[in-house]
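# Results of the structural survey
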Amino acid sequence: DVKVTQSSRYLVKRTGEKVFLECVQDMDHENMFWYRQDPGLGLRLIYFSYDVKMKEKGDIPEGYSVSREKKERFSLILESASTNQTSMYLCASSPLMGGTFSYEQYFGPGTRLTVT
Amino acid sequence: DQQVKQNSPSLSVQEGRISILNCDYTNSMFDYFLWYKKYPAEGPTFLISISSIKDKNEDGRFTVFLNKSAKHLSLHIVPSQPGDSAVYFCAASDTSGTYKYIFGTGTRLKVLA
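Our subject in this report is the structure included herewith. (Residues numbered from 1 in each chain as written. Chains lettered and ligands numbered in written order. Predicted model: local features only at pLDDT ≥ 70, side-chain atom pairs only at ≥ 80, totals over all residues. Heavy atoms only, no water.)

### As for the environment of B:Pro40
- In this fold, B:Pro40 is placed in the loop between strand 4 (32–38) and strand 5 (45–51).
- A C-alpha to C-alpha distance of 7.6 Å links B:Pro40 and B:Ala86, two positions 46 residues apart in sequence. (Helix = DSSP H or I, 4+ residues; strand = E, 2+ residues; numbered from the N terminus.)

### Focus on a nonpolar patch on the surface
- A grouping of B:Ile18, B:Ile20 and B:Val78 is seen on the molecular surface, where their side chains present a nonpolar patch of about 220 Å² in accessible area.
- Among the secondary structure elements, B:Ile20 is positioned in strand 3 (residues 19–25). (Patch = residues over 30% accessible without salt bridge, like charges linked within 9 Å, V, L, I, M, F, W, Y side chains within 5 Å. Areas by Shrake-Rupley, 256 points an atom, 1.4 Å probe, with all protein chains shown as cover. Salt bridge = Lys/Arg side-chain N within 4 Å of Asp/Glu carboxyl O.)

### Focus on the state of the cysteines
- For the coordinates displayed, the defined rule picks out two disulfides over all chains.
- In this model, A:Cys23 is linked to A:Cys91 through a disulfide, with the two sulfur atoms separated by 1.9 Å. Residues A:Cys23 and A:Cys91 are joined through a disulfide that is left-handed, its torsion about the S-S bond being -75°. Pair noted here: A:Cys23 is in strand 3 (residues 19–25) and A:Cys91 is in strand 9 (residues 87–94), with a separation of 68 residues, a long-range link.
- Residue classification places A:Cys91 among the buried residues on the basis of a relative accessible area of 0%.
- Note that B:Cys23 is cross-linked by a disulfide to B:Cys90, the S-S spacing being 1.9 Å. As the torsion about the S-S bond is roughly 65°, the B:Cys23-B:Cys90 disulfide counts as right-handed. Of this pair, B:Cys23 sits in strand 3 while B:Cys90 sits in strand 9 (residues 86–93), and the two are 67 residues apart along the sequence. Each of the two residues, B:Cys23 as well as B:Cys90, counts as buried. (Disulfide = S-S within 2.5 Å. Buried < 20%, exposed > 50% of the residue type's maximum accessible area, 1.4 Å probe, protein only.)

Below is the structure:
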């Protein structure tokens, strides 16, 4: 059974703090993703990674950075948290199947971040 | 620019009846589509998918229909059960070159007992 875990379910941080959100998957997946979910906006892609040390910007990367030093771990970093980054953050992973892209993503439970 | 749209934010259906959730897209390059279900305080879980070479895919109570000319897909749940109450997201991908999915805004389904 694929398992994607996120370091915290709930997090409260102050404006200007540096915030780390950690995601770990245990199925040796090549691809990992960070999304944020906001009411009325669905899931929006922040960053994704298709290999260790590789990353690509998603649709809303501003104010965020990522790190993937190991295959199983993908970290999202808020360099200086702001109130408009209050959101639900979801991590996902997916495998490469036979060299082609696998179309199903497995999600973690999410981290609800509040920035005050 | 919302490339994937779910125009109904919510839907209520009686238990045992059919639930139909709709999704429209604008990008003709999208060739793979997925539906996810999300319960509160949990991550989305994959439900069913369809490739653009098909117009229908069925898995138990869940069927997805794709109308490429109308750029429209729908998810049918028959019969609906109270445990189906959740938020449903459709997602689309252009599999020719990117790893990205574009998600819709979600439809909250409530199945009434």
